[in-house]
Amino acid sequence: MTDVNSRRNPISRRDVFRYGLGASALAALSPLVQSPSGAATTQQDKLAVARIAHATPKRGGTLKFARSVAPTTLDPANTIIAGDIYTLDKIFEPLYITNASGVLTPWLATGYTTSADNKTLTFSLRPGVKFSDGSPLTPADVVFSINRSRKNAAGPLSFLDGAISSIEASGSSKVVVKLSEPWAPIISDLSVFANAIVPANFGGKSEKEFFAAPIGTGPFLLSSFTPDATSLTLKANPHYWQPGKPYLDSVEFLYVDNDSQRVLQIEGGQVNIVDTVPPAEVASLKSNASVVLEQFPAWEVDLLVFNEKLPQFADRNVRRAITYAINRPALVHAANFGTGEPGGSFFPPSLQYYSASTPVLEYSLSKAKATLAQSKYPKGFATKLLVDSGNQKFVTFAQIIKSQLQPLGIDVTITGLDHSAFESTFQKFDYEMFIDYAINDISDPDEMASFEIDVKDGGSSSYWSNYDNPKAIALVHEAEAEFDTNKRAALYAEIQSIVAEDAPFVALDYPPYIYATSKSVQGFSVNPGGAYRLEDVWLT
Amino acid sequence: MARYIAGRLAAAVLVVFGVSVVTFLFLHLEPGSAARTLLGEHATPRAIAALQREWGLNASLPSQFVRYINGIIHGNLGTSYIYQIPTSRLIGERIGLTAALVGLAALFAVVMTVPLATLAAAKKDQFADHVVRGLSVLGLGFPSFWFGIVLIEIFSVHLHVLPVGGIGSGFGGYLESLLLPAITAAIGIVPILVRSLRVGMIEILDAEFVATARAKGLREIFVLFSIVARNALIPTVTLLGLNIAYLIGSTVIVEQVFDLNGLGSLLLSSILNRDFPVVQAVTIVLGTSVVLINLVTDLLAARLDPRIRLR
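Every value quoted in this text rests on a predicted model; they were computed, and no experiment measured them.

**Let's talk about the overall build of chain A**
Turning to step 1, where the next piece is worked out: Of regular secondary structure, chain A possesses 17 helices and 21 strands.
Turning to step 2, where the next piece is worked out: Counting every position in chain A, which comprises 540 residues, the buried fraction comes to 56%.
Turning to step 3, where the next piece is worked out: Taking the intrachain contacts of chain A between residues at least 6 apart in sequence as the baseline, contacts between residues at least 24 apart amount to 74%.

So, in structure tokens, the structure goes:
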């Protein structure tokens with residue numbers, strides 16, 4: 001169970017860790033650090049270049065950041081919700097981070113060496129790193145933090161450290177991590193915020209005292225925070241290890257859960273950055289000269305899921321026919337207002353090992369009709385589509401899908417439920433089709449593959465579809481045990497191909513993260529996992 | 001008088017009890033659980049069941065209800081599942097904002113209503129009257145959140161004179177932040193008030209004592225504001241009292257539009273989170289205040305008009 005002292009406001013929580021990371025408890029022998037594939041990287045790099053092209057950063061100022069999520073606790077080992085994560089990651093830092101292009105980057109560690117049996121990793125700590133109270137970072141702090149995280153039975157992500165059998169300090173600047181088995185995604189796992197470093201024994205304070213006035217190595221430190229209040233202020237850490245950073249004096253996070261309020265606040269110049277801009281507002285914000293609209297690729301896919309426990313959706317031809325019948329470019333155009341990309345593979349293009357050559361069942365009404373004719377339901381049938389009625393984009397998706405399935409004789413009734421009821425309904429398999437989004441949290445794609453395909457051990461009965469293809473599952477396990485980058489890419493390409501042909505779900509689109517900033521904000525970027533670092537941000 | 005108040009208070013208890021029964025039943029009929037929200041996506045069925053047990057949600061509905069009513073009788077409104085603090089503290093922190101919003105909105109409603117109704121009544125069936133009546137029909141037709149967004153666009157986004165939303169610091173900032181929300185909430189009831197007060201004033205304008213006043217040679221403006229408006233005040237107070245309930249209800253929407261953290265937004269977020277103790281407590285507080293305001297209104301009307309006898 002999670003920390004009972006945390007106060008959460010989950011209306012606004014983004015389901016950051018939607019996937020069953022438990023799936024990665026299987027031995028995965030992937031290469032350690034890889035660059036993500038093609039398209040998205042290029043897009044990100046262009047963005048980065050555009051950002052760097054700006055003049056010398058200016059110091060000072062307060063960044064006002066209105067977010068749809070609220071922090072409730074700052075303890076990295078005891079939370080999983082977005083409002084907490086994207087606040088505490090400014091205060092505490094892990095050994096590695098995922099940068100804006102989705103690549104693992106040494107952070108509090110400068111690197112590591114691996115033993116011949118791949119079971120012992122020796123990390124070198126970055127010299128000169130200090131906590132915000134001026135005390136130096138030591139191996140003891142790392143040992144304490146990671147032990148605390150991995151041994152915390154209540155920790156929502158403690159299983160990520162499941163492969164670690166021990167962690168010890170070595171000398172004054174090294175940490176030795178021993179694994180119970182060769183475990184390639186260990187760097188990805190260690191980069192998760194739950195493994196961020198706090199001072200050993202909380203610097204002598206009690207846990208409660210410590211998190212009320214936390215001390216970390218991050219660019220900012222806590223200035224004021226009441227868990228059920230609507231704003232939180234951070235101020236610059238004078239001892240930050242990156243020389244000259246952060247540029248900002250302080251950051252004020254405001255909790256504004258109403259979409260139109262956030263948009264109006266950025267238009268009215270009341271704040272500098274807003275998150276989660278509704279796609280419908282993108283066009284009007286783009287035409288606003290005082291606002292900059294930013295879109296960042298995400299490890300995220302919107303899915304139409306079929307309940308294969310029902311005979312009509314256990315019929316592969318029915319699923320294929322529906323996939324053919326859904327015009328995804330039209331969907332993106334109508335519901336996303338031009339943001340995001342039409343869906344194809346169940347891996348998003350920003351994810352490592354995404355295969356652009358996946359044989360996607362592209363929109364074709366004639367193929368849809370021909371395929372349905374081969375099914376056990378050639379004349380169609382009546383069915384229900386479940387959506388989260390609070391999600392306007394998905395409601396629009398549902399309406400378009402309903403009209404696009406009409407020519408097949410498939411008569412869709414849309415059922416809307418509020419978020420809480422929606423989730424508990426589809427997770428009980430009390431549905432026929434539903435629309436939801438799936439995200440990958442860490443840089444390794446094994447998570448998405450296991451969660452959506454491995455019906456037994458993946459943690460979600462193949463995203464509550466009950467899709468079961470033994471060949472695909474075997475390939476997922478094979479990819480987990482594969483070190484060679486090229487071979488692993490080939491395995492994931494084959495998996496994506498099988499899933500595209502079987503059509504257990506329709507990848508509707510790949511939505512981006514949409515932010516709006518005032519013209520004065522420079523150096524802001526978001527990584528594909530949804531995290532943003534603020535030490536590079538400055539105000540003109 | 002004391003007997004009258006006691007009787008009304010007893011009735012109020014029954015009303016609030018009825019409201020809480022209905023709230024309780026509706027809440028527990030809906031699927032969804034705060035346990036899932038609190039535990040996140042990795043919640044195991046066992047963890048959810050454990051939390052449900054801790055909260056007593058595994059008991060039968062009647063026994064949960066008995067425990068809930070028992071808590072209320074002992075003045076215990078329970079602890080929020082989501083925030084893990086007593087609901088009374090949560091409500092205490094937020095009730096001030098909503099009370100200020102409702103109070104200011106009621107004030108604005110009166111300030112807008114009296115001149116408009118007076119104008120319409122004085123110029124009955126003339127151009128000004130048609131304009132006022134037309135505007136109130138229009139006002140009834142538009143939802144108040146739409147007015148709110150229009151006001152934000154004009155005063156905050158374009159003119160930059162008032163904040164877009166949220167609550168400012170200091171008394172000035174606080175008042176400044178409440179200005180647009182209060183006007184928005186007031187606009188929701190002004191049309192109804194204007195139409196009723198206009199009718200009331202027209203009746204009084206035809207009354208014999210007004211004719212007498214005029215015959216004595218008093219100036220028309222004095223007649224209107226001192227004699228007519230004073231007499232029309234009683235029905236307005238009664239009407240305002242009745243509409244306070246509507247005003248309190250509208251804070252749920254107005255607080256959303258203006259990003260204010262009062263009881264209205266707390267109620268909405270708690271419903272969506274299935275934070276039952278908070279929903280029930282807020283409903284009781286809002287229900288009680290509506291009943292009390294109605295009582296005060298009746299007492300005030302009796303005080304203003306000696307013809308009204310309270311039994």
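Now that the structure is up, let's keep going.
**Overview of the environment of A:Ser124**
All names here are of chain A.
Turning to step 1, where the next piece is worked out: By the element assignment, Ser-124 lies in strand β5 (residues 120-125).
Turning to step 2, where the next piece is worked out: Note on Ser-124: 17 C-beta atoms within 10 Å, which makes it partly exposed.
Turning to step 3, where the next piece is worked out: As a C-alpha pair, Ser-124 and Ser-170 span 46 residues in sequence and 9.5 Å in three-dimensional space.
Turning to step 4, where the next piece is worked out: Setting aside chain neighbours within four positions, we find Ser-124 in contact with Ala-109, Thr-110, Gly-111, Tyr-112, Ser-173 and Lys-174.

**Overview of the environment of A:Phe483**
All names here are of chain A.
Turning to step 1, where the next piece is worked out: Structurally, Phe-483 can be placed in the loop between α16 (470-480) and α17 (485-502).
Turning to step 2, where the next piece is worked out: Judged by the 13 C-beta atoms lying within 10 Å of it, Phe-483 is partly exposed.
Turning to step 3, where the next piece is worked out: Sequence separation between Phe-483 and Thr-371 is 112 residues; the distance between their C-alpha atoms is 39 Å.

**Looking at the packing of helix α6 (residues 127-141) of chain B against helix α8 (residues 170-205) of chain B**
How two helices sit against one another is set out by the angle between their axes and by the gap between those axes.
Residues and elements named next belong to chain B.
Turning to step 1, where the next piece is worked out: For the pair α6 and α8, interaxial distance at closest approach is 8 Å and the crossing angle is 140°. Here α6 is positioned oblique relative to α8, judged by the angle of their axes. Crossing of α6 against α8: the hand is left-handed. Between α6, through Val-132, Ser-136, Gly-139 and Leu-140, and α8, the contact on the second element is made entirely by Ile-187, Val-190, Pro-191, Val-194 and Arg-195.
Turning to step 2, where the next piece is worked out: Of the residues belonging to the contact of α6 with α8, the class tally is six nonpolar, two polar and one charged.

**Some points on the nonpolar core**
Turning to step 1, where the next piece is worked out: A:Leu303 and B:Val282 are the most contacted members of the largest nonpolar core, which has 224 residues in total.
Turning to step 2, where the next piece is worked out: Here this core gets 13 residues from one element, more than from any other, and that element is α8(B).
Turning to step 3, where the next piece is worked out: Filtering out sequence-adjacent residues up to four positions away, B:Val282 remains in contact with B:Ile91, B:Leu263, B:Leu266, B:Leu267 and B:Ser270.

**Brief notes about the packing of helix α7 (residues 144-158) of chain B against α8(B)**
Residues and elements named next belong to chain B.
Turning to step 1, where the next piece is worked out: Two elements in contact, α7 and α8, have axes whose closest approach is 9 Å; the angle formed by their N-to-C orientations is 145°. For α7 against α8, the interelement crossing comes out right-handed. Along its contact with α7, which presents Ser-144, Phe-147, Gly-148, Leu-151, Ile-152 and Phe-155, the element α8 presents Leu-180, Ile-183, Thr-184, Ala-185, Ile-187 and Gly-188.
Turning to step 2, where the next piece is worked out: Residues that form the contact of α7 with α8 fall into these classes: eight nonpolar, four polar and no charged.

**Overview of the pairing of strand β17 (residues 433-439) of chain A**
Residues and elements named next belong to chain A.
Turning to step 1, where the next piece is worked out: By the criterion of burial, β17 is predominantly enclosed, with six of the seven residues buried.
Turning to step 2, where the next piece is worked out: The pairing of strand β13 (residues 300-306) with β17 spans seven bridges and is antiparallel. Bridge pairing links Leu-304 to Ile-435 in β17.
Turning to step 3, where the next piece is worked out: Pairing of strand β15 (residues 382-388) with β17 involves two bridges; the strand directions are parallel.

**Remarks on the sheet that holds strand β10 (residues 250-255) of chain A**
Backbone hydrogen bonds are what pair the strands of a sheet, in a parallel or an antiparallel way.
Turning to step 1, where the next piece is worked out: Here seven strands make up an open sheet; going across it, the order is β8-β9-β10-β1-β11-β19-β12 (chain A) and the pairing mixed. Where the open sheet ends on each side, the last strands, each with one partner, are β8 (220-225) and β12 (291-296) of chain A.

**Points about the sheet that holds β5(A)**
Residues and elements named next belong to chain A.
Turning to step 1, where the next piece is worked out: Strand order in the open sheet formed by four strands is β4-β5-β7-β6, and the pairing between neighbours is antiparallel. Either end of the sheet is taken by a strand with one partner, and the two such strands are β4 (109-114) and β6 (164-170). This sheet shows a mean twist of 20° between the axes of neighbouring strands, independent of strand direction.
Turning to step 2, where the next piece is worked out: Bridging between β4 and β5 involves five bridges; their strand directions are antiparallel.

Cut-off values and rules
- Residues numbered from 1 in each chain as written.
- Chains lettered and ligands numbered in written order.
- Predicted model: local features only at pLDDT ≥ 70, side-chain atom pairs only at ≥ 80, totals over all residues.
- Helix = DSSP H or I, 4+ residues; strand = E, 2+ residues; numbered from the N terminus.
- Buried ≥ 20, exposed ≤ 12 C-beta atoms within 10 Å, placed from the backbone.
- Contact = placed C-beta atoms within 7 Å.
- Axes fitted to C-alpha atoms, helices over the stretch in contact; angles between N-to-C directions.
- Parallel < 35°, antiparallel > 145°, perpendicular 65-115°, else oblique.
- Left-handed = near helix turned anticlockwise from the far one by under 90°.
- Nonpolar A, V, L, I, M, F, W, Y, C, P; charged D, E, K, R; others polar.
- Core = buried A, V, L, I, M, F, W, Y, C linked by C-beta atoms within 7 Å.
- Pairing = 2+ DSSP bridges.

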